[in-house]
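A structural walkthrough
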Amino acid sequence: MNTDPRQSLIHASRQFHQLGWMAGTAGNLSAKIADNSFWITASGKQKGKLVAEDFVRISLTGEVLENPSPQNKPSAETSIHQAIYSLFPEANACYHVHSVEAKLVSNFIDHEQLPLPPIEMLKGLGIWEENPKVYMPVFENYLEVPRIAEAIVQRFKTTIPDVPALLIRNHGVTVWASSPEAAENHVELAEYIFRYIVAARQAGLKFHH
Ligand SMILES: CSCCC(=O)C(=O)COP(=O)(O)O
Ligand SMILES: [Zn+2]
């Protein structure tokens, strides 16, 4: 595990910003270190311009352990990262971005599961089946973020998601993975799938299970 993952997080954030998935201050990224604490983006930072001081180190129970700049507050969505790390101990990175396509596809369904197209890219999210019928979990977007985190914990306690990703309606995707590099890959795959779903709908193509 990376001793200090902040350079990986800065690199990914710049990349996602350039792709329009972390416009302005949108999104937040975190990665764990060996003692199980995690570095997370401080709230309200411009995601195209992060520096090492723009992060806060947090324990799994939410205490601030290290804060390089007194004005920093942990991401407003830290409780979601805590929920993911508590549910999936093998997760070492958790990335959340806001793309236009993620918001669009979250409106294509009014229930809790987004059917995913049976495309080759699913292998990158761990689905190695022929014509897979898999879903991405969808959660409602509450103003109080801990409510979203609680809904995630309650659902995933009993239902293991098909893919290491979840969608918050009208908000964005959150992915998790064993390393920052794998989380970056998962974001790119999830966003590719969202673009595919939007394009398939425009083309009148149906793949609903
Ligand atoms: C303009 S982004 C609104 C808040 C949000 O959804 C987000 O991802 C960024 O919040 P943070 O506190 O992590 O900067
Ligand atoms: Zn967000």
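Residues numbered from 1 in each chain as written. Chains lettered and ligands numbered in written order. Predicted model: local features only at pLDDT ≥ 70, side-chain atom pairs only at ≥ 80, totals over all residues. Heavy atoms only, no water.

What follows deals with the site of ligand 1. The full set close to ligand 1 counts 13 residues, and Ser 43, Gly 44, Ser 75, Ala 76 and Glu 77 are the nearest of them. Note that an oxygen atom of ligand 1 is positioned 2.6 Å from one of the side-chain N or O atoms of Ser 75. At a separation of 2.8 Å, an oxygen atom of ligand 1 approaches a polar side-chain atom of Glu 77. Burial of ligand 1 by the protein chains amounts to 73% of its free accessible area of 400 Å². The class makeup of the residues in the shell around ligand 1 is two nonpolar, nine polar and two charged. (Near = heavy atom within 4 Å. Polar contact = N/O pair within 3.5 Å; in protein donor to acceptor, adjacent residues only side chain to side chain. Areas by Shrake-Rupley, 256 points an atom, 1.4 Å probe, with all protein chains shown as cover. Nonpolar A, V, L, I, M, F, W, Y, C, P; charged D, E, K, R; others polar.)

The next thing to look at is the sheet that holds strand β2 (residues 38–41). Strand pairing in a sheet relies on backbone hydrogen bonds, with the paired strands running either antiparallel or parallel. Spatial ordering of the open sheet is given by β4-β3-β2-β1-β5-β9-β8-β7-β6, a layout of nine strands whose pairing is mixed. Both outer strands of the open sheet, β4 (64–66) and β6 (113–115), are each paired with one neighbouring strand and no more. Each strand of the sheet is rotated relative to its neighbour by a mean of 25 degrees, with strand direction disregarded. Pairing between strand β1 (residues 28–32) and strand β5 (residues 93–97): four bridges, direction antiparallel. In the sheet register, Ala 31 faces β5, and the bridge partner there is Ala 93. Its contacts with the sheet put helix α1 (residues 6–18) on β1, β2, β3 (55–58) and β5, and the angle it makes with β1 is roughly 155 degrees. (Pairing = 2+ DSSP bridges. Helix = DSSP H or I, 4+ residues; strand = E, 2+ residues; numbered from the N terminus. Axes fitted to C-alpha atoms, helices over the stretch in contact; angles between N-to-C directions. Contact = heavy atoms within 4.5 Å.)

Glancing now at the confidence of the model for the protein chain. Averaged over the protein chain, the pLDDT score is 97; the fraction of residues at 70 or greater is 99%. Predicted complex metrics record ipTM = 0.99 and pTM = 0.98. (pLDDT = per-residue confidence, 0-100.)

What follows concerns the coordination of the zinc ion (ligand 2). Protein-derived ligands of the zinc ion (ligand 2) are Glu 77 (OE), His 96 (NE2), His 98 (NE2) and His 171 (NE2), with the metal-ligand distances lying across 2.1 to 2.6 Å. One can describe the donor arrangement at the zinc ion (ligand 2) as octahedral, given that its six donor atoms subtend angles of 72 to 179 degrees at the metal. Between consecutive donors of the zinc ion (ligand 2), the numbers of intervening residues give the motif E-x18-H-x1-H-x72-H. Here the residue His 96 occupies a position in strand β5, and His 171 occupies one in the loop between β8 (165–168) and β9 (172–177), the gap between them amounting to 75 residues. The same class applies to His 96 as to His 171, namely buried. (Donors = N, O, S within 2.8 Å, 3.2 Å for Na, K, Ca; no water. Tetrahedral: all angles 85-135°; square planar, octahedral: opposite > 155°, others 65-115°. Buried < 20%, exposed > 50% of the residue type's maximum accessible area, 1.4 Å probe, protein only.)

Mapped onto this structure's residue numbering, the UniProt feature "binding site: Zn(2+)" (unreviewed entry) falls at His 96 and His 98. The class for His 96 is buried, based on a relative accessible area of 2%. If we ignore the near neighbours within four places in the chain, the residues touching His 96 are Met 22, Gly 27, Asn 28, Leu 29, Glu 77, His 171, Gly 172, Val 173 and Thr 174. Following the sequence through the fold, His 98 ends up in the loop between β5 and α3 (100–106). (UniProt positions renumbered as here; feature names shortened; annotations may be inferred.)

This next bit is on unusual backbone geometry. For Asn 36, which is not glycine, the phi dihedral falls at a positive 80 degrees. Locating Asn 36 in the fold gives a position in the loop between β1 and β2. Non-glycine residue Asn 170 carries a positive phi angle of around 60 degrees.

This paragraph deals with the nonpolar core. One broad rule of soluble globular proteins: the nonpolar side chains tend to lie buried together. Among the nonpolar cores identified, the biggest contains 43 residues, and Phe 16, Tyr 95, Leu 114, Met 136, Leu 167, Val 173 and Phe 194 are the most heavily contacted of them. With nine residues, the single largest contributor to this core is helix α5 (residues 180–202). For Leu 167, the contacting residues outside a window of four places in its chain are Ala 102, Val 105, Ser 106, Leu 114, Met 136, Pro 137, Val 138, Phe 139, Gly 172, Val 173 and Phe 194. One finds Cys 94, Phe 139, Val 153 and Trp 176 within the second-largest nonpolar core, a separate group that totals 22 residues. (Core = buried A, V, L, I, M, F, W, Y, C linked by side-chain atoms within 4.5 Å.)

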